[in-house]
Amino acid sequence: MPEVAVVFAPGCEEIEGLTVIDVLRRLGIDAKMVGLEDKEVLGAHNIKLTCDELMGDQLLEYDLVAFPGGMGGSQRLRDNEQLKQLMVQRNQEGKWDAAMCAAPIALAHYGLLDNHDYTCYPGINEEIQKEVPTARFHKEITVVDEKAKILTSRGPATALAYAFKIAEVLGVDTKQIKKDMLYDYLAQNI
């Protein structure tokens, strides 16, 4: 089974990170909560999260590294030099990475969205365009750029779609879990 790390920074959108962890663990994927600066992380809505490990070189070993959004958390992800170096190296090694909501600003700052497709929270695309004019914004719920091996999504309400897409790009079938979690029912009745 694939291994996934979700990097939690102070000020993150809790629902966006925990949804990924929850869905992937239900699928039997080894999903770890990784604290950017500490194993104890306070999210944007004052939910205290306890991570499995602290960010370090082990991020190079994961099949996919995912970022939840939240403006404060996303800015911390963007501005962390060690994380930037690790993510650039992962990209050079052809490994999958994912970011949602405001977090694609980190990928843009790292230079990973250059000439690639992405999506993000409405308005964040304007900030990304200033940093990376060649990045191509789309309004879909999730956007997968196969060439860059980057997956992006829009915001809190798209967290389930983001989690399922993470599993799918790693080759895991999500048909049954979508049914079990009533995702298909929701999609048909909204």
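Residues numbered from 1 in each chain as written. Predicted model: local features only at pLDDT ≥ 70, side-chain atom pairs only at ≥ 80, totals over all residues. Heavy atoms only, no water.

## Section: the side chain of Asp97
Link 1 in the chain: Tracing the sequence through the fold places Asp97 in strand S7 (residues 96-100).
Link 2 in the chain: Take Asp97: its relative accessible area is 0%, and that puts it in the buried class.
Link 3 in the chain: Excluding residues that lie within four positions of it along the chain, Asp97 makes contacts with Leu64, Val65, Met87, Arg90, Asn91, Lys149, Ile150 and Leu151. (Helix = DSSP H or I, 4+ residues; strand = E, 2+ residues; numbered from the N terminus. Buried < 20%, exposed > 50% of the residue type's maximum accessible area, 1.4 Å probe, protein only. Contact = heavy atoms within 4.5 Å.)

## Let's talk about the environment of Gln129
Link 1 in the chain: Here Gln129 lies in helix H5 (residues 124-131).
Link 2 in the chain: Note on Gln129: relative accessible area 28%, which makes it partly exposed.
Link 3 in the chain: It is 9.9 Å that separates the C-alpha atoms of Gln129 and Leu113, two residues lying 16 residues apart in sequence.
Link 4 in the chain: In this structure, Gln129 is in contact with Tyr118, Ala135 and Phe137, ignoring residues within four places of it in sequence.
Link 5 in the chain: Of the polar contacts made by the side chain of Gln129, one reaches the backbone oxygen of Ala135; its length is 3.5 Å. (Polar contact = N/O pair within 3.5 Å; in protein donor to acceptor, adjacent residues only side chain to side chain.)

## Some words on helix H2 (residues 71-79)
Link 1 in the chain: Buried within H2 are the following residues: Gly73, Ser74, Leu77 and Arg78. Viewed along the axis of H2, the buried residues span an arc of 140°, placing them on a single side of the element.
Link 2 in the chain: Looking at the buried residues of H2, the elements they touch are strand S1 (3-8), strand S6 (64-67), helix H3 (81-92), helix H4 (104-109) and H5. (Arc of directions from axis to C-beta.)

## With respect to the nonpolar core
Nonpolar side chains tend toward joint burial in soluble globular proteins.
Link 1 in the chain: Counting 33 residues, the largest nonpolar core has Leu59, Phe67, Leu77, Leu83, Leu107, Tyr110 and Ile128 as the members making the most contacts within it.
Link 2 in the chain: Within the residue set of this core, elements represented by two or more residues are S1, S6, H3, H4 and H5.
Link 3 in the chain: Sort the elements by how many residues they give to this core and H4 lands first, with 4 residues.
Link 4 in the chain: Those residues in contact with Ile128 that lie beyond four places of it in its chain are Pro104, Ile105, Ala108, Leu113, Tyr118, Cys120 and Ala135. (Core = buried A, V, L, I, M, F, W, Y, C linked by side-chain atoms within 4.5 Å.)

## Quick word on H3
Link 1 in the chain: Taking 1.5 Å as the rise per residue, H3 with 12 residues should run 16 Å; its terminal C-alpha atoms sit 17 Å apart, in good agreement.
Link 2 in the chain: Each element contacted by the buried residues of H3 is listed here: S6, H2, S7 and H4.
Link 3 in the chain: Looking one or two places after H3, you find Gly94, whose phi comes out positive at around 75°. (Expected span 1.5 Å × (residues − 1).)

## Here we look at the sheet that holds S1
Link 1 in the chain: In spatial order, the strands read S5-S2-S1-S6-S7-S11-S10; together these 7 strands make up an open sheet with mixed pairing. On the outer flanks of this sheet lie strand S5 (53-54) and strand S10 (142-145), each paired with one strand and no other.
Link 2 in the chain: Two strands pair when backbone bridges link them, and strand S2 (residues 30-35) and S5 are joined in this way by 2 bridges, in the parallel orientation. Looking across to S5, one finds that Gly35 is bridged to Leu54.
Link 3 in the chain: On the sheet, helix H6 (residues 159-169) packs against S1, S6, S7, S10 and strand S11 (150-153) and is oriented at approximately 175° with respect to S7. (Pairing = 2+ DSSP bridges. Axes fitted to C-alpha atoms, helices over the stretch in contact; angles between N-to-C directions.)

## Digging into the pairing of S11
Consecutive side chains along a regular strand alternate between the two faces of the sheet.
Link 1 in the chain: Going residue by residue along S11, you find Ile150 and Thr152 tucked away on one face and Leu151 and Ser153 tucked away on the opposite face as well.
Link 2 in the chain: Bridging between S7 and S11 involves 4 bridges; their strand directions are parallel. When the sheet's bridge partners are listed, Met100 is paired in S11 with Ser153.
Link 3 in the chain: Between S10 and S11, which pair antiparallel in sequence order, lie 4 residues; one of them, Lys149, sits at a positive phi of approximately 55°.

## Here we look at a negative patch on the surface
Link 1 in the chain: Negative charge collects at one region of the surface, where Glu3, Asp57, Glu61, Asp63 and Glu93 lie side by side.
Link 2 in the chain: Tracing the chain through its elements places Glu93 in the loop between H3 and S7.
Link 3 in the chain: Glu93 gets classed as partly exposed once you look at its relative accessible area, which sits at 42%. (Patch = residues over 30% accessible without salt bridge, like charges linked within 9 Å, V, L, I, M, F, W, Y side chains within 5 Å. Areas by Shrake-Rupley, 256 points an atom, 1.4 Å probe, with all protein chains shown as cover. Salt bridge = Lys/Arg side-chain N within 4 Å of Asp/Glu carboxyl O. Lys, Arg positive; Asp, Glu negative; His and termini not counted. Charge placed at Lys NZ, Arg CZ, Asp CG, Glu CD.)

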